[in-house]
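# Coordinates in review
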Amino acid sequence: MKTKGIKSMVAILLGATLMSSCVGSFALFNKLAKWNKHATKSKFLNEIIFLVISPAYAFCSVADALVLNSIEFWTGDNPVANRVGKTRNIKGDDGLMYAVKYLENGYQITKPDGSVFYFTYNKQENTWYMNAEGKEQKVIHFNGDGSVKAFLNNGLTADVTLDASGVYEVRQMQAGTSFFMARR
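Residues numbered from 1 in each chain as written. Predicted model: local features only at pLDDT ≥ 70, side-chain atom pairs only at ≥ 80, totals over all residues. Heavy atoms only, no water.

As named in an unreviewed UniProt entry, the protein is DUF3332 domain-containing protein, taken from Prevotella scopos JCM 17725.

Take the UniProt feature "transmembrane region" (unreviewed entry) in the protein next. Mapped onto this structure's residue numbering, the UniProt feature "transmembrane region" (unreviewed entry) falls at residues 48-68. The span residues 48-68 is 95% helix and 0% strand, and its two end C-alpha atoms sit 28 Å from each other. (UniProt positions renumbered as here; feature names shortened; annotations may be inferred. Helix = DSSP H or I, 4+ residues; strand = E, 2+ residues; numbered from the N terminus.)

Let's shift gears to the environment of Lys149. Summarising the element assignment, Lys149 is placed in strand β7 (residues 147-151). Spatially, the C-alpha atom of Lys149 lies 6.4 Å from that of Val160, the residues being eleven residues apart in sequence. There is a polar contact of 3.4 Å between the side chain of Lys149 and the side chain of Asp159. (Polar contact = N/O pair within 3.5 Å; in protein donor to acceptor, adjacent residues only side chain to side chain.)

Using the criterion set out here, one finds four aromatic pairs in the structure. Ring geometry for Tyr102 against Tyr107: centres 5.6 Å apart, planes inclined by 65°, an arrangement best described as edge-to-face. By relative accessible area, which is 32% here, Tyr107 ends up partly exposed. Consider the rings of Tyr121 and Trp128, whose centres lie 5.4 Å apart with planes at 45°: the pair is tilted. (Phe/Tyr/Trp six-rings, centres within 6.5 Å; stacked < 30°, edge-to-face > 60°. Buried < 20%, exposed > 50% of the residue type's maximum accessible area, 1.4 Å probe, protein only.)

Here is the structure:
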């Protein structure tokens, strides 16, 4: 009798959990649909693109329904949802907390001392900039061949690959301990 009561209670709690409204925002599906609607200026070409990539819609729907919307339900935050205007506190490598506000074209970062700087992306130039204390500086330019041009604080630039080797090369050059070739 006691086990039947426990089983009934577990079934009720499980049912309540599963039946609760966790519809979610379907952010992945909606991002794909938004992209598809604006892929070209021709509604006919957009329809052809839709038909060709229709399996992607099915995949996005399943991923949203089974994984992403569940994460959103339990955490309150969908990993792929539009975050423009939202601020998150992120712990830096130095152990301090930074307030990172998501912008349409990048990030506003508030340091623990209250000073603010920005990382912004210029789509036309395919370049990331850092804006601090009224000064704008290029940080990274995406080359057409899959590599990036890194603009270092010491005035040097370097074309590097987007992998661990490229990151290592930039770190070494920034620290002044590199034997890699760099350009001014």
